[in-house]
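Observations on the three-dimensional arrangement
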Amino acid sequence: MGNVNNAALCGLWIDDAGKAHTCYATADGGRVEQVEEFKPFAWLGAEVSRDGIHVERLKGDGAFNWLAHADSLEAFGAFFKAVREGTPIDVLRPYESQWLLQRRARLFADVHFTGLRRCQLDIETGATEPGVFSDARKPGDRILAIGLQCGGRRELLTLDEETDAGEKQLLIAFNAVLRELDPDVIEGHNIFKFDFDYLRQRSRRHKVACAWGRFGQTAEFRNSRMKVAERWIDFTRCDLPGRAVIDTYLLVQLYDVTAREMTAYGLKDVAVYFGVTPESREGRTYIDGAEIQEAFRENRGDFLAYLGDDLRETKGVADVLLPTYFEQARAFPIQLQEAALRGSAGKVDLLFLEEYYHARASCPSPLEIAPFEGGFTRSFQEGVFKRVLHFDVASLYPSLLLQMDRNPKSDPLGVFIPLLRKLRDYRLKYKQLAKTAPTAAERDEAQARQITFKILINSFYGYLGFSGARFGDGELAAEVTRRGRELLQALIVEFQKYGCVILEADTDGIYLSTAEYFESPAELLAKVQTILPPGIELEHDGTYDAMFCYKAKNYALAAGGEITLRGSALRSRGIEPFLKRLGDHLIAYLLGTSTASPVVEVERLRQSIANREHPVADLAKSESLSQNPAAYEQWVAGGGKPRRAAAEVALQMNPRPRMGERVSYYVGPKAKGQTSDWQRARPLAGYDAVNAPYAVDYYIVKIDDWLERYGRFLGIQPHTEQQELTL
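Predicted model only: the values in this text are computed from it and were never measured. (Residues numbered from 1 in each chain as written. Predicted model: local features only at pLDDT ≥ 70, side-chain atom pairs only at ≥ 80, totals over all residues. Heavy atoms only, no water.)

1. Structural notes on the overall build of the chain
A tally of helices and strands in the chain yields 22 helices and 24 strands. Expressed as lengths along the three principal axes of its C-alpha atoms, the size of the chain is roughly 85 × 75 × 60 Å. Expressed as a percentage of the 727 residues in the chain, the buried residues total 54%. In the chain, of all internal contacts separated by at least 6 residues, the share reaching a separation of at least 24 is 65%. Taken as a whole, the chain presents about 32200 Å² of accessible surface, with 48% of it coming from carbon and sulfur. (Helix = DSSP H or I, 4+ residues; strand = E, 2+ residues; numbered from the N terminus. Buried < 20%, exposed > 50% of the residue type's maximum accessible area, 1.4 Å probe, protein only. Contact = heavy atoms within 4.5 Å. Areas by Shrake-Rupley, 256 points an atom, 1.4 Å probe, with all protein chains shown as cover.)

The following block contains the structure:
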């Protein structure tokens, strides 16, 4: 690998001249830098001769059957420009992944997570105009403090004087401290869209270099976007040569794609959700955003405690979410920051490309995959059921692939199945170590690794059916899902033979109610799993006191007084707080964790809203913008429909929020020419009980709609006029 005394690689950057700058961890925890060779490469669809380019024919009949290496990045750039119009060319970027792939190297290969140099960053800013959000573009708005925490060291750098000269000195001091700390990773919550972007703009104003990278390099910024489920998030990406930037604000949203349990993504809410800060919030210093500057001037102790708590919570959230991506950087030829921002298909692709590169085998073109039927999903019951068990087929689709022992048609080397089997074995190894390793730190690390490998092997199936995957196979993916559906349906029949009431089935798992086997799930498991083919394992995955079945993929579970919600119908991030609270009240009552009927709360809400006594914040809806306000404005000008309330509110705000940010608004009374929600939506911050009140009738109808959906579970027949609320 050409490293320093076999030390572990902790940083990598390819410069414009094509040299690889590397940073290695030493045995005593230090870091040492060096410069190494790099020869960029590309796959070609035809032989092309150029000076400074070495071309070789690859084995096989893939579309890209030539491999070109360049003596320098300059020669490679000229070659790419010359051939890209006439010759098919496939270039792997960023170049750091090429360097890792060529050497079969991995970042942090021999570094434990506890040995990673992690630095948390948070800034506090002030505004010249009271009550207005600080804006880096305004000359008088400025940075008040920069907090850094690296291991046991905490630096709280503050503004000596509220002048341009004072802010410039603060930025220079920040550069010096960061250079001294020399972290592998810089972590922040919303660090891309706020902290680093604000620091960049103020540094530019004061002509201070953003010297935050290794190897004496400055930060590089570019506009970027990231898809999280159905939403796109715009942000100004910051790349630091030799370091990774980790934004926990993005990681939290990726986490919630599957969990779907979080109602807000701000640091304070997230810290409570993950248990970093107790629900009581005891011991945590809070300062309202509009009062930050005053606290800086008048109550410096509380101000610094608030900044310190932000750093503590950022680290705590990253402690939970970062290990998975750290392990991915150890598993793929990819940088840590790329691992956190890139989708699973692109990561799996790297493993295939690595094997084909070293085998000097030709590569196929990315494939278009036709749609195919997915997994079996069905809700069998509605209402509340007691004594519930959950069974799940362990890694169903990867297990079926291994059982079928069939590689994709586009994989002539036969890399897919052996690689999947190898990763499965790794996962089982670390799963066992997570239970048996001698220390808690080793068990935690093994747990992180087994979760990473679980995600990875499950991604192999998804990769098969992903349009754009070079080694995909839609027919094989369709066959796997067909077998999965048949297997789940066979298990349902088998469970029913033993008197179980099937409640919900989804792809690889079954919820059921059983009085006979509730106390002995292992006995039921032993009877049912006899129908499974070799290599397929059924597991008992959970025991619950009760389950509320609403509709497919939307249910609630209770165990030991704790409630878990699944599905957006029962917990939508965009729902108004009063309706969310009403829903939680209903579910707790139905599942028996509370004896208080929601009927009383419904009546209280009606009276409070009708009398205009209800807090407007409890009525306001919060939504993430799916489009930048300027783009939405242009779309509307061109006749775009439908109009959207959150986007209309964003147009009323100053400064305007960006795509991916959340906007809170309420709905005002109808007026002439204003009947639709989008016409009546108003920013929450602009609420005025006299001049801009909320619409009473609108929110009373919301309660009626809620009763229309859920009243039957309480024995209530809803009416849109007057409601008799009796049980």
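2. Remarks on a negative patch on the surface
Together, Asp288, Glu291, Glu294 and Glu298 give the surface a local cluster of negative charge. Structurally, glutamate 294 is set in helix 7 (residues 292-298). (Patch = residues over 30% accessible without salt bridge, like charges linked within 9 Å, V, L, I, M, F, W, Y side chains within 5 Å. Salt bridge = Lys/Arg side-chain N within 4 Å of Asp/Glu carboxyl O. Lys, Arg positive; Asp, Glu negative; His and termini not counted. Charge placed at Lys NZ, Arg CZ, Asp CG, Glu CD.)

3. Some points on the pairing of strand 11 (residues 185-188)
Neither face of strand 11 is open: one carries Val185 and Glu187, the other Ile186 and Gly188, and all of them are buried. The pairing of strand 8 (residues 118-126) with strand 11 spans three bridges and is classified as parallel. Following the sheet pairing, arginine 118 is matched in strand 11 by valine 185. As judged from the four bridges shared by strand 11 and strand 14 (residues 244-247), these two strands associate in the parallel manner. What sits directly across from valine 185, in strand 14, is alanine 244. (Pairing = 2+ DSSP bridges.)

4. Thoughts on the sheet that holds strand 4 (residues 41-44)
Taken in spatial order, the four strands line up as 5-6-4-7 in an open sheet, and their pairing is antiparallel. Each of the sheet's edge strands pairs with one partner strand only, and the pair in question is strand 5 (53-57) and strand 7 (89-90). Relative to strand 7, strand 4 runs antiparallel, the two sharing two bridges. Across the sheet, the residue bridging to tryptophan 43 is aspartate 90, located in strand 7.

As far as function goes, none of this settles anything; it's purely spatial.
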